[in-house]
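Commentary on secondary and tertiary structure
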Amino acid sequence: MPAIIDLRSDTVTRPSAEMRAAMAAAEVGDDVYGEDPTVNLLERRAAEVFNREAAVFVPSGTMGNQIAIRVHTQPGQEVIAESRAHILDWEMATTAVFSGCLIRSVTAANGVLTWKEIEPFVYPPGPMRAQTGLIAIENTHNLAGGRCSRLDVLEQIWGEAKARNIPLHLDGARIFNAAVALGTDVRILTRGFDAVMFCLSKGLGAPVGSMLVGSQESIDRARIYRKALGGAMRQVGVLAAAGLIALEQGPKRLHEDHANARLLAEALSHIDGVAINLKSVETNIVIFRLPGALTGGLTAPELEARLKERGVLANSFGKDAVRLVTHLDVSRAACIDAAEALAEAIEAGVAAK
């Protein structure tokens, strides 16, 4: 086994030699003045890929999401999101702090919101309660195990929201994973959203950065809020150069990550003491549970520690859930080794209890 097999997240990837060379050679300028040619090229290319008028480079997916929320809402409104959404659980309550909005969480059994689940929580303007200002969809859905929202589900949401003049935002941190899994081009899979954020620094492999795409008017406003959040950088073409390679080359190999995630999931399904829904493993994320943890058995944090002793890094969530994420820095062979380590660690942990 290699020294470390890091399955904590697809954010841990390191830039390739090609990326490092491009970063070193990047033509740069002051991006706040709009004069960095490499950033400008990346923004034009992102807009083209998603068939949008404009795009803006931001340091992180969280910033991209929060800028989009600020652009498309007014203080005192609600933002509808699934109950495990990243904008709710992992973005430091910024929707409240920066946009003055409340997130209205809606639970979907499998993490994929449908209009049937959304509609009861859509509130029109009125004197009695906060108006729905935005609907946010996460595709793929991280804590639902990387599940995908399919085009037919999205089309109904787009149509119903447009009929009510409610804007739509896509947290598409891993939208290219969804596109690959569904066999649907990203411009089609995202065409009904007013704003789309996607990450360059997850499965696509760039060291830093995300993109926000939309109309020219919305992106012009987004630049103002990027500055307010401290995200306007100067000679940032050194990062955009890696982002260009990630955007052009990263999607082509995501199917490999999906296959490796399936390998891990199937291996886990044969281990006593593990609960996993194989149907939920659609992309590069595997979430499994340890039911015995709730009755005094091996817990997720204990398994995380045992795996680390065996050279495998994973993330535990609560007492009984563990997440594994495949990516370009973890090979097929490494995943086979990780599956063996998982079996050993779980069996040893259960026996110790």
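Described in the following lines is the structure provided in the data block. Keep in mind it's a predicted model, so treat the numbers as computed, not measured. (Residues numbered from 1 in each chain as written. Predicted model: local features only at pLDDT ≥ 70, side-chain atom pairs only at ≥ 80, totals over all residues. Heavy atoms only, no water.)

**As for the packing of aromatic side chains**
Scanning all chains against the criterion turns up 6 aromatic pairs. Relative to Tyr225, the ring of Phe98 lies with its centre 6.0 Å away and its plane at 90°, an arrangement referred to as edge-to-face. Residue Phe98 is found in helix 5 (residues 94–99), and its partner Tyr225 is found in helix 10 (residues 216–228); the two are separated by 127 residues along the sequence. According to the relative accessible area criterion, Phe98 is partly exposed, its value standing at 21%. Ring centres of Trp158 and Phe193 lie 5.6 Å apart, and the angle between their planes is 80°; on these two criteria the pair is classed as edge-to-face. Placement of Trp158 in helix 7 (residues 151–163) and of Phe193 in the loop between helix 9 (186–189) and strand 7 (195–199) is noted, with a sequence separation of 35 residues between them. (Phe/Tyr/Trp six-rings, centres within 6.5 Å; stacked < 30°, edge-to-face > 60°. Helix = DSSP H or I, 4+ residues; strand = E, 2+ residues; numbered from the N terminus. Buried < 20%, exposed > 50% of the residue type's maximum accessible area, 1.4 Å probe, protein only.)

**Looking at the nonpolar core**
Membership of the largest hydrophobic core comes to 50 residues, with the highest contact counts inside it found for Phe176 and Phe198. Here this core gets 7 residues from one element, more than from any other, and that element is helix 11 (residues 237–249). Other than its neighbours up to four places away in sequence, Phe176 contacts Val49, Phe50, Val186, Phe198, Leu204, Leu247, Pro251 and Leu254. By size, the runner-up hydrophobic cluster in this structure holds 33 residues, among which are Val274, Val312, Ala314 and Cys335. (Core = buried A, V, L, I, M, F, W, Y, C linked by side-chain atoms within 4.5 Å. Contact = heavy atoms within 4.5 Å.)

**Let's talk about empty space enclosed by the protein**
Per the stated rule, a full pass over the model turns up 2 cavities of 30 Å³ or more. Its volume calculated, the largest cavity comes out at about 80 Å³. Around the largest cavity, the lining is made up of 13 residues, and of these Glu82, Ala85, Ala136, Ile137 and Glu138 lie nearest the centre. Where the lining of the largest cavity is concerned, the elements lending two or more residues are strand 3 (78–82) and strand 5 (132–138). Among the elements that make up the lining of the largest cavity, the one with the highest residue count is strand 5 (3 residues). Counted by class, the lining of the largest cavity contains 7 nonpolar, 3 polar and 3 charged residues. Estimates place the volume of the second largest cavity at around 30 Å³. (1 Å grid on protein atoms, 1.4 Å probe; cavity = no way out; pocket = protein on both sides within 12 Å on 5 of 7 lines; lining within 4 Å. Points joined across faces, edges and corners; volume = space filled by probe spheres on them. Nonpolar A, V, L, I, M, F, W, Y, C, P; charged D, E, K, R; others polar.)

**Some details on the side chain of Glu43**
Counting through the fold element by element, Glu43 comes out in helix 2 (residues 37–49). Look at Glu43 and you get buried, because its relative accessible area is 6%. If sequence neighbours within four positions are ignored, Glu43 has contacts with Ala55, Val56, Phe57, Met211, Arg223 and Arg226.

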